[in-house]
Amino acid sequence: MPALKSASVVTTALIGLGALVSAAPATAAPAAPSGGYGTAAVDCRAWVHGYGGSSKCTGLPSGQRHRVVVECRTNSGSVFTVTGPWRVSGQTSTQVCHPQGLHGPTDAWTRRG
(Lines give C-alpha, C1' and ligand atoms only; values in the text may rest on other atoms or scores of the structure.)
Protein backbone atom coordinates (compact mmCIF):
# COMPACT_ATOMS: atom_id res chain seq x y z
CA MET A 1 0.00 0.00 0.00
CA PRO A 2 2.88 2.51 0.39
CA ALA A 3 3.18 2.68 -3.44
CA LEU A 4 -0.50 3.59 -3.74
CA LYS A 5 -0.16 6.32 -1.10
CA SER A 6 2.91 7.87 -2.84
CA ALA A 7 1.12 7.84 -6.20
CA SER A 8 -1.75 9.73 -4.57
CA VAL A 9 0.65 12.33 -3.12
CA VAL A 10 2.36 12.80 -6.52
CA THR A 11 -1.00 13.18 -8.29
CA THR A 12 -2.15 15.75 -5.74
CA ALA A 13 1.12 17.67 -6.13
CA LEU A 14 0.82 17.70 -9.94
CA ILE A 15 -2.78 18.93 -9.79
CA GLY A 16 -1.69 21.72 -7.45
CA LEU A 17 1.19 22.67 -9.77
CA GLY A 18 -1.18 22.72 -12.75
CA ALA A 19 -3.48 25.12 -10.91
CA LEU A 20 -0.55 27.45 -10.22
CA VAL A 21 0.59 27.40 -13.85
CA SER A 22 -2.89 27.95 -15.26
CA ALA A 23 -3.56 30.78 -12.78
CA ALA A 24 -0.45 32.70 -13.84
CA PRO A 25 -1.38 35.93 -15.69
CA ALA A 26 -0.60 36.09 -19.39
CA THR A 27 2.09 38.52 -20.41
CA ALA A 28 2.25 40.45 -23.65
CA ALA A 29 4.89 39.58 -26.20
CA PRO A 30 7.72 42.10 -26.47
CA ALA A 31 7.22 44.82 -29.07
CA ALA A 32 8.65 44.15 -32.51
CA PRO A 33 11.74 46.12 -33.48
CA SER A 34 11.09 49.32 -35.37
CA GLY A 35 12.73 47.98 -38.53
CA GLY A 36 15.06 50.93 -38.90
CA TYR A 37 17.44 53.17 -37.05
CA GLY A 38 15.99 55.49 -34.48
CA THR A 39 12.40 55.45 -33.36
CA ALA A 40 10.49 55.67 -36.66
CA ALA A 41 8.63 52.50 -37.58
CA VAL A 42 8.81 51.32 -41.18
CA ASP A 43 5.37 51.12 -42.79
CA CYS A 44 5.06 49.58 -46.28
CA ARG A 45 1.78 49.17 -48.11
CA ALA A 46 1.05 47.72 -51.54
CA TRP A 47 -2.18 47.73 -53.50
CA VAL A 48 -3.63 46.69 -56.86
CA HIS A 49 -5.40 49.26 -59.02
CA GLY A 50 -6.48 49.68 -62.62
CA TYR A 51 -3.91 47.99 -64.86
CA GLY A 52 -1.19 47.45 -62.22
CA GLY A 53 -0.15 48.08 -58.65
CA SER A 54 1.71 50.47 -56.36
CA SER A 55 3.60 50.46 -53.09
CA LYS A 56 4.67 53.14 -50.66
CA CYS A 57 6.98 52.89 -47.66
CA THR A 58 7.50 55.46 -44.93
CA GLY A 59 10.07 55.43 -42.17
CA LEU A 60 12.78 53.71 -44.23
CA PRO A 61 16.29 54.44 -42.98
CA SER A 62 18.50 56.60 -45.16
CA GLY A 63 19.94 54.58 -48.04
CA GLN A 64 17.15 52.00 -48.13
CA ARG A 65 14.75 51.77 -51.06
CA HIS A 66 11.59 49.92 -51.98
CA ARG A 67 9.68 49.01 -55.11
CA VAL A 68 6.42 47.35 -56.05
CA VAL A 69 6.18 43.84 -57.46
CA VAL A 70 2.92 43.16 -59.29
CA GLU A 71 1.60 39.73 -60.19
CA CYS A 72 -0.28 39.81 -63.50
CA ARG A 73 -2.50 37.33 -65.33
CA THR A 74 -2.90 37.16 -69.10
CA ASN A 75 -6.22 36.53 -70.80
CA SER A 76 -5.11 32.92 -71.35
CA GLY A 77 -4.41 32.46 -67.60
CA SER A 78 -0.59 32.67 -67.59
CA VAL A 79 0.90 34.45 -64.58
CA PHE A 80 3.96 36.73 -64.62
CA THR A 81 5.41 39.51 -62.45
CA VAL A 82 6.58 43.03 -63.21
CA THR A 83 8.54 45.35 -60.93
CA GLY A 84 8.30 49.09 -60.51
CA PRO A 85 11.15 51.55 -60.11
CA TRP A 86 13.13 51.80 -56.88
CA ARG A 87 11.90 54.61 -54.63
CA VAL A 88 13.03 56.12 -51.31
CA SER A 89 10.93 56.58 -48.19
CA GLY A 90 7.72 58.52 -48.79
CA GLN A 91 7.69 57.98 -52.57
CA THR A 92 5.33 55.66 -54.45
CA SER A 93 6.53 52.95 -56.84
CA THR A 94 3.99 52.10 -59.56
CA GLN A 95 4.01 49.53 -62.37
CA VAL A 96 1.35 48.38 -64.84
CA CYS A 97 0.88 44.87 -66.21
CA HIS A 98 -0.08 46.18 -69.65
CA PRO A 99 -0.84 49.79 -70.61
CA GLN A 100 -4.02 48.87 -72.52
CA GLY A 101 -5.27 46.50 -69.83
CA LEU A 102 -4.72 43.29 -71.80
CA HIS A 103 -3.25 41.69 -68.67
CA GLY A 104 -4.81 42.24 -65.26
CA PRO A 105 -3.10 42.61 -61.88
CA THR A 106 -3.95 39.95 -59.30
CA ASP A 107 -1.62 40.86 -56.41
CA ALA A 108 1.00 43.43 -55.37
CA TRP A 109 3.68 43.49 -52.70
CA THR A 110 6.71 45.55 -51.66
CA ARG A 111 10.34 44.53 -52.12
CA ARG A 112 12.89 46.40 -50.00
CA GLY A 113 16.50 46.76 -50.93
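Residues numbered from 1 in each chain as written. Predicted model: local features only at pLDDT ≥ 70, side-chain atom pairs only at ≥ 80, totals over all residues. Heavy atoms only, no water.

Caption draft 1: Region of the structure containing the sheet that holds strand β4 (residues 79–83). The strand order across the open sheet built from three strands is β4-β3-β6, with neighbouring strands paired in antiparallel fashion. Each having just a single partner strand, β4 and β6 (104–112) make up the two edges of the open sheet. Adjacent strand axes in the sheet meet at a mean angle of 25° when their direction is disregarded. Across five bridges, strand β3 (residues 66–73) lies against β4 in antiparallel orientation. In the sheet register, Glu71 faces β4, and the bridge partner there is Thr81. (Pairing = 2+ DSSP bridges. Helix = DSSP H or I, 4+ residues; strand = E, 2+ residues; numbered from the N terminus. Axes fitted to C-alpha atoms, helices over the stretch in contact; angles between N-to-C directions.)

Caption draft 2: The nonpolar core, seen in detail. Grouped together as the largest cluster of nonpolar side chains are six residues: Val68, Val70, Cys72, Val82, Cys97 and Ala108. The dominant element in this core, judged by the number of residues it contributes, is β3, at three residues. Not counting the four nearest positions on each side in its chain, Val70 is found in contact with Gly52, Gly53, Phe80, Thr81, Val82, Gln95, Cys97, Pro105, Asp107 and Ala108. (Core = buried A, V, L, I, M, F, W, Y, C linked by side-chain atoms within 4.5 Å. Buried < 20%, exposed > 50% of the residue type's maximum accessible area, 1.4 Å probe, protein only. Contact = heavy atoms within 4.5 Å.)

Caption draft 3: Focus on the state of the cysteines. Counted under the stated rule, the structure contains two disulfides. Through a disulfide, Cys44 is tied to Cys57; the S-S separation comes to 2.1 Å. What sets the handedness of the Cys44 and Cys57 disulfide is the S-S torsion sign, and at about 115° it is right-handed. In this pair, Cys44 sits in strand β1 (residues 43–49) while Cys57 sits in strand β2 (residues 52–58), placing the two residues 13 residues apart along the sequence. Under the relative-accessibility criterion, Cys44 is labelled partly exposed at 28%. With relative accessibility at 0%, the residue Cys57 sits in the buried group. Here Cys72 is linked by a disulfide to Cys97, with a sulfur-sulfur distance of 1.9 Å. Between Cys72 and Cys97 the disulfide shows an S-S torsion of about -80°. By sign, it is left-handed. On the criterion of sequence distance, the pair formed by Cys72 in strand β3 and Cys97 in the loop between β5 (92–96) and β6 is long-range, its members being 25 residues apart. (Disulfide = S-S within 2.5 Å.)

Caption draft 4: View of the pattern of salt bridges. Summed over the entire model, instances satisfying the criterion amount to one salt bridge. Taking the shortest distance from any N to any O, the salt bridge between Arg45 and Asp43 comes out at 3.0 Å. (Salt bridge = Lys/Arg side-chain N within 4 Å of Asp/Glu carboxyl O.)

Caption draft 5: Structural view of the environment of Gly90. Structurally, the position occupied by Gly90 is in the loop between β4 and β5. In this structure, the C-alpha to C-alpha distance between Gly90 and Leu60, residues 30 residues apart in sequence, is 8.3 Å. With sequence-adjacent residues up to four places away left out, Gly90 is seen in contact with Lys56, Cys57 and Thr58.

Take it as geometry only, folks, not as evidence of what the structure does.
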